[in-house]
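Single-letter residue listing:
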Amino acid sequence: MWQLPTPAEQELWNAVVAGVRAANRTDHGQFQTSVGRLLRLPHAWAHQVLRDTAGLLVEELDPDGRDQWPRLEAQVDHFEVWLPKVDRQLLTALLPGGHRPPATEVPGEPEHTQHRLLLIALLADAAQVSVGAFADVALANNRRADGTLAGSVPHCRIGR
């Protein structure tokens, strides 16, 4: 049965969709606004949902689970024009199913969230899909999962 999203879930969904749209339009300001919206959410929970969203996009892009980095690399070149802090090593470490070594120095916030959102935008573009449905599934899967993160989200104050 469908459940009405919590304010935090709706905020995450809106921020992801707006961030992907901004990336597609190469609107750096709106992309950073979306990152800021994500940073107001509980980090561990938001990162889990972003990771799950990226994982679903990887499955859509290639159900066989091969390394997706070669297909994304050309797109990263496009994004480096307007987002010069793109860290290729971090993007490969965040890529679900990527067969690359993890980054030795993973940056803190907001760079980590920025790279996660950028990765989702790259994957959605490569798969030529709208990201909203994938974020919906990731949020629903997270809601069903047992654990303190999913249970704490309805009480989250998202700020404005």
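Notes on the structure follow. (Residues numbered from 1 in each chain as written. Predicted model: local features only at pLDDT ≥ 70, side-chain atom pairs only at ≥ 80, totals over all residues. Heavy atoms only, no water.)

**Topic: the environment of Ala140**
Selection rule: Helix and strand assignments come from DSSP, with helices taken as H or I runs of at least 4 residues and strands as E runs of at least 2, each series counted from the N terminus. Burial classes follow relative accessibility: with a 1.4 Å probe on protein chains only, a residue under 20% of its type's maximum area counts as buried, one over 50% as exposed, and anything between as partly exposed.
Looking at the secondary structure, you find Ala140 in helix α7 (residues 132-144). The class of Ala140 is partly exposed, set by a relative accessible area of 23%.

**Re the side chain of Gln114**
Heads up, the rule is: Nitrogen and oxygen atoms within 3.5 Å of one another constitute a polar contact, given that in protein one can donate a hydrogen and the other can accept it, and given that sequence-neighbouring residues count only through two side-chain atoms.
The residue Gln114 is located in helix α6 (residues 111-127) in this model. A distance of 3.2 Å separates polar atoms of two side chains, one belonging to Gln114 and the other to Gln32.

**Some thoughts on unusual backbone geometry**
One non-glycine residue, Thr26, lies in positive phi territory at about 50°. The residue Thr26 is located in the loop between α1 (7-24) and α2 (28-39) in this model. By relative accessible area, Thr26 is classed as partly exposed at 34%.

**A word on the environment of Val131**
Note the cut-off: Throughout, a residue-residue contact means that at least one pair of heavy atoms, one from each residue, lies within 4.5 Å.
The topology assignment puts Val131 in the loop between α6 and α7. Using a relative accessible area of 4% as the deciding quantity, one classes Val131 as buried. Placed 115 residues apart in sequence, Val131 and Val16 show a C-alpha to C-alpha distance of 7.9 Å. Every residue in contact with Val131, bar those within four places of it in the chain, is listed here: Val16, Val17, Val20, Thr53, Leu57, Ile120 and Ala124.

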